[in-house]
Amino acid sequence: MANSPIEPQYFDSFDGQRIAWRETGEGRPVILIHGFFSDAVTNWIRYGHAAAIAVRGFRVIMPDLRGHGSSARPHDASAYPPDALAKDGHALIAHLGLTDYDLGGYSLGARTTCRMLATGATPRRVVFSGMGLEGLTDTGRRAGHFRNILTNLGKHERNSPEWFAEAFLKTTGGDPQALLGVIDTFVSTPVDQIERFTWSTLCVNGVDDDDNGSAAALADALPNARYVEVPGNHMSAVIKPELGQAIADFLAA
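What comes next concerns the included structure. Since we're looking at a predicted model, the values are computed, not measured. (Residues numbered from 1 in each chain as written. Predicted model: local features only at pLDDT ≥ 70, side-chain atom pairs only at ≥ 80, totals over all residues. Heavy atoms only, no water.)

## Some words on the state of the cysteines
Put plainly, two cysteines are in a disulfide when a covalent bond ties their sulfur atoms together. Scanning the model with the defined rule gives zero disulfides in all. Between Cys-114, a cysteine without a disulfide, and Cys-203, which holds the nearest cysteine sulfur, the sulfur-to-sulfur distance is 11 Å. With a relative accessible area of 0%, Cys-114 lands in the buried category. Judged by its relative accessible area of 1%, Cys-203 is buried. (Disulfide = S-S within 2.5 Å. Buried < 20%, exposed > 50% of the residue type's maximum accessible area, 1.4 Å probe, protein only.)

## Some words on the sheet that holds strand S3 (residues 28-33)
Taken in spatial order, the eight strands make up an open sheet running S1-S2-S4-S3-S5-S6-S7-S8, and their pairing is mixed. Each edge of the sheet is formed by a strand with only one pairing partner; in this case those strands are strand S1 (9-12) and strand S8 (225-230). Taking each pair of neighbouring strands and ignoring which way they run, the sheet shows an average axis angle of 20 degrees. Sheet topology note: the strand S6 (residues 125-129)/strand S7 (residues 200-206) ladder contains five bridges and is parallel. (Pairing = 2+ DSSP bridges. Helix = DSSP H or I, 4+ residues; strand = E, 2+ residues; numbered from the N terminus. Axes fitted to C-alpha atoms, helices over the stretch in contact; angles between N-to-C directions.)

## Side note on the side chain of Ser-129
On the secondary structure map, Ser-129 appears in strand S6. Within polar-contact distance, the side chain of Ser-129 engages the backbone oxygen of Gly-105 at 2.8 Å. In contact with Ser-129, other than residues within four places in its own chain, are Trp-44, Gly-105, Tyr-106, Ser-107, Ala-110, Val-204 and Leu-243. (Polar contact = N/O pair within 3.5 Å; in protein donor to acceptor, adjacent residues only side chain to side chain. Contact = heavy atoms within 4.5 Å.)

## Some points on the pairing of S1
In the sheet, S1 pairs with strand S2 (residues 18-24) via four bridges, with the strands oriented antiparallel. Looking at S2, one finds that Tyr-10 is bridged to Ala-20. The antiparallel pairing of S1 with S2 creates a hairpin that spans five residues between the two strands, and Gly-16 there sits at a positive phi of about 90 degrees.

## A closer look at the side chain of Thr-139
Inspection of the secondary structure puts Thr-139 in the loop between helix H5 (133-137) and helix H6 (140-151). On the basis of relative accessibility, which here comes to 6%, the residue Thr-139 falls in the buried class. Residues contacting Thr-139, with those up to four places away along its chain left out, are Arg-111, Phe-186, Val-187 and Ser-188.

This is the structure we're talking about:
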């Protein structure tokens, strides 16, 4: 069942912060990283994506980013150095002893995947979902957007993007102070570096999602990528089965 609870496991990351992960399925390891304000359960488990991928013969490994979900939510600024999320990803791979694996993520999870690639990760295949080229090359725009949301809680105009993001934050039980720290970890990746990512890559994006820029442009910039559109926008694509199905089809091909 997609909705049966998967209990978290824990390890201590590069700086001693406790990071949680959940996993389901058996077979080839694939690490999938959730988006900002979210967590592994909300992003990958609740709507059946992890189950759809696992049934194709995969061990689906889903960390909670620091500041999110079941992972540590420190309030000290020193816990959020640049690229901390990527360092946590490397630490998870080392902790699990993975050498042959696939790697991907949604939104901030895709940006974290990009930073892991830029800092030495060696997966066989890569998934960027909910992510466009500008979301990787210029993190400042989204950082400003989220900083505004988190520093003006309760003041956003009803039905605005900020209002919906705050509503989502409430559903996931997010910690605003920890999440402000997470913003400080964001690092942009130059386009010329992205153009040297030779991994077989899936860029899968909601047809109405341009929150992180153009996913088609990201696919064009990558030497070995395919672009797949699924229904929805940035908030809704992640709850539709087509997202998990597209990832499963790509990984199992």
